[in-house]
Structures are given as C-alpha cells and as structure tokens.
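Below, each chain spelled out in residue letters.
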Amino acid sequence: MMRPVDEKESFAMEVETIADSSVSSVKIYPSEMPHNGPLYSVAYSRILWRIIKRLSKSIKVVIFSTKINILLPFGPLSIVLHFLTENHGLVFFFSLIGITPLAERLGYATEQLAAYTGQTVGGLLNATFGNATEMIIAIYALKNGMIRVVQQSLLGSILSNMLLVLGCAFFAGGVVHSKKDQIFNKAAAAVNSGLLLMAVMGLMFPAVLHFTHSEVQYGKSEVALSRFSSCVMLIAYASYLVFQLKSHRNLYHPIEDEEGLNEADSDEDEPPELSQWEAISWLAILTLWISILSEYLVDAIEGASDALNLPIAFISVILLPIVGNAAEHASAIMFAMKNKLDITLGVAIGSSTQISMFVIPFSVVVGWLMRQQMDLNFQLFETATLFITVLVVAFMLQDGTANYFKGLMLILCYFIVAASFYFHTDPEEKDD
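Everything quoted here is computed from the prediction, not taken from an experiment.

**As for the side chain of Arg 227**
Point 1. Tracing the chain through its elements places Arg 227 in helix H9 (residues 221–247).
Point 2. Of the buried charged residues, Arg 227 lacks a salt bridge, with Asp 375 as the closest side chain of opposite charge at 8.6 Å.
Point 3. Ignoring anything within four residues of it in the chain, the contact list for Arg 227 reads Val 364, Trp 368, Gln 372 and Gln 373.

This is how it looks when you write it as structure tokens:
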C-alpha cells in the first residue's frame, strides 16, 4: 500500500518538475508556496541554477560556437580608435569587420526563431532581420545628411542579394545536388519579380524627370514625386504581405520534388538550439549592438574614402552591403545546400523585394520627417544598373529551376557591377 504524500514532498516534486522545464515556462508565485524556510530556499536555488545553466548554454551556442566570432573584438576596438585617433580608414575598417559576425549571428538567431514559425514566415523574418543592418545604417546616414550614401548602400544591398547571395546559393546548391536541377516555386518567384520591376519604375521616373529637365518646379517636383511614389510603394508592400501570409498562402508552399529529396532533407533537420524567447532576446541584443557600431561606421565613411583612396560609391554600393548581407548570405547558401530553394528565394529575392518596396520608400518618408531631401532619384547609372539586374534575375527564375551554372553567371555579373562602381565617379551634387 502506497503511503500518502505529505505537503512538503508534494511541493518538492512540483519544484523539480518546474526546474526541469524550459526557463521561459518557469512561473512561481511566492504566495502559493508553503511557508517553510529551508524548502523555499532550496527550491529557488535549484531554479536559479537551472536558469544560470540555460543562460550559459545559450551564450555558448551564440557566441562561442562559430569561428567568425573571433572578429567580435574589432567592434569595441573601433569605438576606442574613434576617440583615440583620427585615422578614419582604420575606424571604418574595424567597424566593418566588427559588424560582420554580428550580422551573421543575427541571421542565426532569426533562423532559430523561424523554426517556430514555419517556412513562409521564416523566410520573411530572415529577410526582415537580415535587412536590419542596412536600415540602421541608412537612418544614421540620413541623420547626418548623407543622402547619396543612403541611396547607394540600399541599392548595393539589392544588387548584392540578387546577384551575389542568390548566385552563391545556386552555385553551392547546384554543386551539392549536381545530379539534377533543383526546383522552386516559380509562381512565387514571378510575384517577387513583378514587385522588383515596380520598384524600378518608382526609381526610374524621378531620375528621368530630373535629367530631362521636364520638372514643373526644378528641384522640388522630383522630391514631391518621390514622396508620393514611396507612399504608393509602401501600400503595395503591405498588400503583398497580406497576399503572402493570408489570402494566397498556398502559393508559397514549398515544391515537393518527385524523387522525395525534400522529404529526405527535412528528416535531417536539427531541432532548434535556442528557445523562442531566447532567440527574440538575442535578436534585440544583436540589433542594439549593430546600431551602435553603425553610427561609428557612418561617421568614418568620408574619411575612409580619402584614406583608402576608394570612391564613396564603391564603399557604399559594394563594401557596406556585403557586410550587411552576411546573414542572408549564410542563410541562403545553407538552405540551398539542404535543397530548400523556396526558403533561399524567400531570403535572397524576398530581401531585395523588401528593401526596394519597403526600406527605400520608408527612408524617403523618414527623410521627409527629418526635413532631409531624400528622394528616389538614384541617378541614371545606378537606376540603369538596377533595371538590368532585375531583368537578368527575372530571366534566370522564369523556368523554376536552379543549377550551379546559373549561380556562376549571377556571381560573374556581380563582379562586373562591382568593377563598374569602382570606376564610377558620383556626379556633382544637384543644384537646388
């Protein structure tokens, strides 16, 4: 016959159960505890030990589990150099290196959170937090009146995602799965291509208006048109989110390969290493640290251009986006190698769509509120580069297949774009 369990033993068993559960689910109310001093103290000691153990594991996974984090000390060093020296080139270089592992870890934390949300929302989260670095840099640059840096860094981010990130993902996935072409949902890709072409239209008309000298009010009409177009583009992007997440969710379901490759890969998926709330907490911490370093990075751009003898256009369009896109780069390649091209496209093309249809118009609206003359006139050279890039990528995506050769072509196209901006001199500032 079992002996009855007294109140102390019952409470001890309950505390043990709670302590073994996730930290996020720990809820203990002192008013509900028996008023027994030693037992009360033991219970809290156990729970505190579990919390410390979980926290140390989380720090170990995020900070010490990847070799790229050996670059983390460059961030604090850039701040020290900012106050101790006037060498802007060194401050810029150290800030750039310091942000790189933070951007990669931001992508990792987003992937961990995406494990709890599903593939469609996960791709959207990857694109959103992957673009957090660019958006933070853009806001700091706008605050300093560096409108061309904002325009060129955002343009460079689109070009980097569409050519370099997508190209590397297609190439890596094509090498791993070399026996046949990988497939993806071309209907969803077509929607993104249409939005990118709409973004090109939004950027093209202010530039054409300016360079044909057909403005009603010189210097003012293009800004007014840019602000109107930005509001329209923001409405279009909000409608796209409703389309993607609510009304046409079935359009974004992953394509299943007839040979069952996707099922086989999904069986190999590892469970998330972070809990949902741990992932959210790390996203907040990493975003805050990136925002701090971005301020020093932006302050050093002009001095770095002189010190390194590099055009500001090359720094803004090529160097800044490569660092900012580190998260997307790592995520897109990883998913392509796992034969999950729909998520790869959601990260790379989805990120480009988000920058062109949300971040750029949002920057125009923020500039409007800051009384900065931020507009959609990205100059003819930059607008033409974006237009040709969108056309090239749209043709690559139209048949719904990917292979290493398509990836190689996209990477080589990016090298041409990078060389073009190295030899490109930014035009003189517009007359008011």
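**Digging into helix H7 (residues 147–176)**
Point 1. Between its terminal C-alpha atoms H7 stretches 42 Å, which fits the 44 Å expected from 30 residues at 1.5 Å a residue.
Point 2. Bending of H7 peaks at approximately 40° at the position of Ser 160.
Point 3. For H7, the tally of buried residues reaches 27 of 30 residues, placing the bulk of the element in the interior.

**Looking at the pattern of salt bridges**
Point 1. In total, this model carries two salt bridges according to the counting rule given.
Point 2. Between Arg 148 and Glu 382 there is a salt bridge, with the nearest N and O atoms lying 2.7 Å from each other. Of the two residues, Arg 148 sits in helix H7 while Glu 382 sits in helix H16 (residues 380–397), which places them 234 residues apart along the sequence. Neither Arg 148 nor Glu 382 differs from the other in exposure class; each is buried.
Point 3. The salt bridge involving Asp 399 is made with Lys 406; its shortest N-O contact spans 2.8 Å.

**Brief notes about the environment of Ile 63**
Point 1. Note that Ile 63 resides in helix H2 (residues 37–63).
Point 2. For the pair Ile 63 and Arg 105, spaced 42 residues apart in the sequence, the C-alpha separation amounts to 8.3 Å.

**Overview of helix H15 (residues 341–369)**
Point 1. In a regular helix each residue adds 1.5 Å, so 29 residues correspond to 42 Å; H15 covers 39 Å between its end C-alpha atoms and thus fits that length.
Point 2. Taking the largest bend as the criterion, H15 deviates by roughly 40°, centred on Ile 355.
Point 3. Among the 29 residues of H15, 22 are classified as buried, and the element is accordingly described as predominantly covered.
Point 4. In the segment just after H15, Arg 371 is the residue with positive phi, at about 65°.

**A look at the packing of aromatic side chains**
Point 1. What the rule picks out here adds up to 11 aromatic pairs.
Point 2. An angle of 70° between the planes, with centres 6.3 Å apart, marks the rings of Phe 83 and Tyr 296 as edge-to-face. Taken together, the positions of Phe 83 in helix H3 (residues 74–84) and Tyr 296 in helix H11 (residues 276–299) put the pair 213 residues apart, joining distant regions of the chain.
Point 3. Tyr 296 gets classed as buried once you look at its relative accessible area, which sits at 14%.
Point 4. Ring geometry for Tyr 237 and Tyr 240: centres 5.8 Å apart, planes at 45°, overall tilted. Here the residue Tyr 237 and the residue Tyr 240 both occupy positions in helix H9, the gap between them amounting to three residues, near one helical turn. As far as burial versus exposure is concerned, Tyr 237 and Tyr 240 are alike and both buried.
Point 5. Taken together through their ring pairs, the aromatic side chains of Tyr 237, Tyr 240, Phe 358 and Phe 362 make up a single cluster.
Point 6. Over the face of the ring belonging to Tyr 108 we find Arg 105, whose NZ or CZ atom lies 4.3 Å from the ring centre.

Rules used throughout
- Residues numbered from 1 in each chain as written.
- Predicted model: local features only at pLDDT ≥ 70, side-chain atom pairs only at ≥ 80, totals over all residues.
- Heavy atoms only, no water.
- Helix = DSSP H or I, 4+ residues; strand = E, 2+ residues; numbered from the N terminus.
- Buried < 20%, exposed > 50% of the residue type's maximum accessible area, 1.4 Å probe, protein only.
- Lys, Arg positive; Asp, Glu negative; His and termini not counted.
- Salt bridge = Lys/Arg side-chain N within 4 Å of Asp/Glu carboxyl O.
- Contact = heavy atoms within 4.5 Å.
- Expected span 1.5 Å × (residues − 1).
- Bend = angle between axes of the 7 residues up to and from the residue.
- Phe/Tyr/Trp six-rings, centres within 6.5 Å; stacked < 30°, edge-to-face > 60°.
- Lys NZ or Arg CZ within 6 Å of the ring centre and 35° of its normal.

Any functional reading would require information beyond the geometric quantities listed.
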